[in-house]
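Next come the chains, spelled out residue by residue.
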Amino acid sequence: MTPVSSHSPHGQSSLRTVQVLGGGNAGSSAHVRSLASGLVARGVRVTVCAPVEADHLYDFTGAGAEHVHVPRSSDPGSVAALRAACADADLVHAHGLHASFRAVLALSGRRTPLVVTWHDRAHAEGARAHLVRLLERRVVKAASVVLGSTSALVDRARRTGARDARLAAVALPVPRRAVTHDDPDRLRPKVRAELGATGRPLLIAVGSLERHRGYDVLLDASCAWRRLDPVPLVVIAGEGTLRADLQRRIEDEGLPVRLIGRRDDVTELLAAADIALLSSSWESRSVLAQEALHARVPLVATDVGGMAELVGDAAELVPYGNAKALADAVVRLLGDPERQELLKERGVRQVATWPTEDETVAQVLSVYDELTQPQPMI
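Residues numbered from 1 in each chain as written. Predicted model: local features only at pLDDT ≥ 70, side-chain atom pairs only at ≥ 80, totals over all residues. Heavy atoms only, no water.

**Quick look at the sheet that holds strand 2 (residues 45-50)**
At step 1: Spatially, seven strands are ordered 3-2-1-4-5-6-7 in an open sheet, and the strand pairing comes out parallel. Of all the strands in the sheet, the pair left with one neighbour each is strand 3 (66-69) and strand 7 (165-167). Strand after strand, the sheet turns through a mean of 20° between neighbouring axes, direction not considered.
At step 2: Alignment of strand 1 (residues 16-21) against strand 2, held across five bridges, turns out to be parallel. Note that in strand 2 the partner of Arg-16 across the bridge is Arg-45.
At step 3: Here helix 3 (residues 78-85) sits on the sheet and contacts strand 1, strand 2 and strand 3; the angle it forms with strand 1, its principal contact strand, is near 160°. (Pairing = 2+ DSSP bridges. Helix = DSSP H or I, 4+ residues; strand = E, 2+ residues; numbered from the N terminus. Axes fitted to C-alpha atoms, helices over the stretch in contact; angles between N-to-C directions. Contact = heavy atoms within 4.5 Å.)

Written as structure tokens, this is what we have:
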């Protein structure tokens, strides 16, 4: 690999980059934290522009970066704050559609290179979907390079007008929280007891309670699991606008499902689970899918977006919106311990194919060098 440099185009000081986050979902925020740590270790000066609560959660300053509070896009002062923060940047790297659009506005009239990473597709319907397409077009045409976390996102960027779109190396960052010293064999029954899953299979789903997560289909599937003995318990960790509707349906139909709200112990939840579930209408590099394979937990997921590319043959994939297919896949897996072990072993092999954090930083640095090093005179 060609060595990368952390010097500015003038060779007088370290390269100064600004990383821009919007609201920052868990995947993109963890990625920026990991990226900041790796860049700083290689002599790059990093400023992370994000809401202050994101720094509290992901500790960008603890990674050696400077944090500048930039309010969410709904705040009228966000673009002005971002423009000031980018004033002496050699390069700006924005993550996600809304952060990228604000970066485009903030850099208007400047020649600062802009790198954009699409970690996921923006979810929108109706008139809002049209607005999203307009924002995407504006962003990709202004960006020097668009990095997509999946091939589908790279293709989408090219179709939208990107002049340079590439597949990003995006590692699953190692959790920063201290590893528990509890014996895993003791922790598992403790977590299962707390969730009410003693003596019955535990199925875990994690994600915001929003329409694109497909939880209506998951609840449909859970009807079939009531016929099993013992009846599996489905636990959904997350918050969102559909909570009241989902809770009402769970109670009205007596479904074996619990909503436990947003949790910061997903690693422990997964370690206690028999199966991890993903019922979404779209996924890119799903953090839950990656964590499930890391934790050797069998995964049943919808075959959408970049899921097949991510997990290969290490998960049971079913069509989106097909409650029967989802229910049947879980029933078969619960009744087939050999299949469960096979998926666990395949998961270990699949994890080994994913990029490491060092490889992710190296790719990003090579892109930065392309955009900031002086071009040879012809």
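**Describing the pattern of salt bridges**
At step 1: The final tally for this structure, using the stated rule, is 20 salt bridges.
At step 2: One salt bridge in this structure joins Arg-33 and Asp-59, with 3.7 Å as the shortest N-O distance. Taken together, the positions of Arg-33 in helix 1 (residues 26-41) and Asp-59 in the loop between helix 2 (52-58) and strand 3 put the pair 26 residues apart, joining distant regions of the chain.
At step 3: Since its relative accessible area comes to 15%, Arg-33 is described here as buried.
At step 4: The closest approach of N and O atoms between Glu-316 and Arg-339, which form a salt bridge, is 2.7 Å. Pair noted here: Glu-316 is in strand 13 (residues 316-318) and Arg-339 is in helix 14 (residues 337-351), with a separation of 23 residues, a long-range link.
At step 5: On the accessibility criterion, Glu-316 (16% relative accessible area) is buried. (Salt bridge = Lys/Arg side-chain N within 4 Å of Asp/Glu carboxyl O. Buried < 20%, exposed > 50% of the residue type's maximum accessible area, 1.4 Å probe, protein only.)

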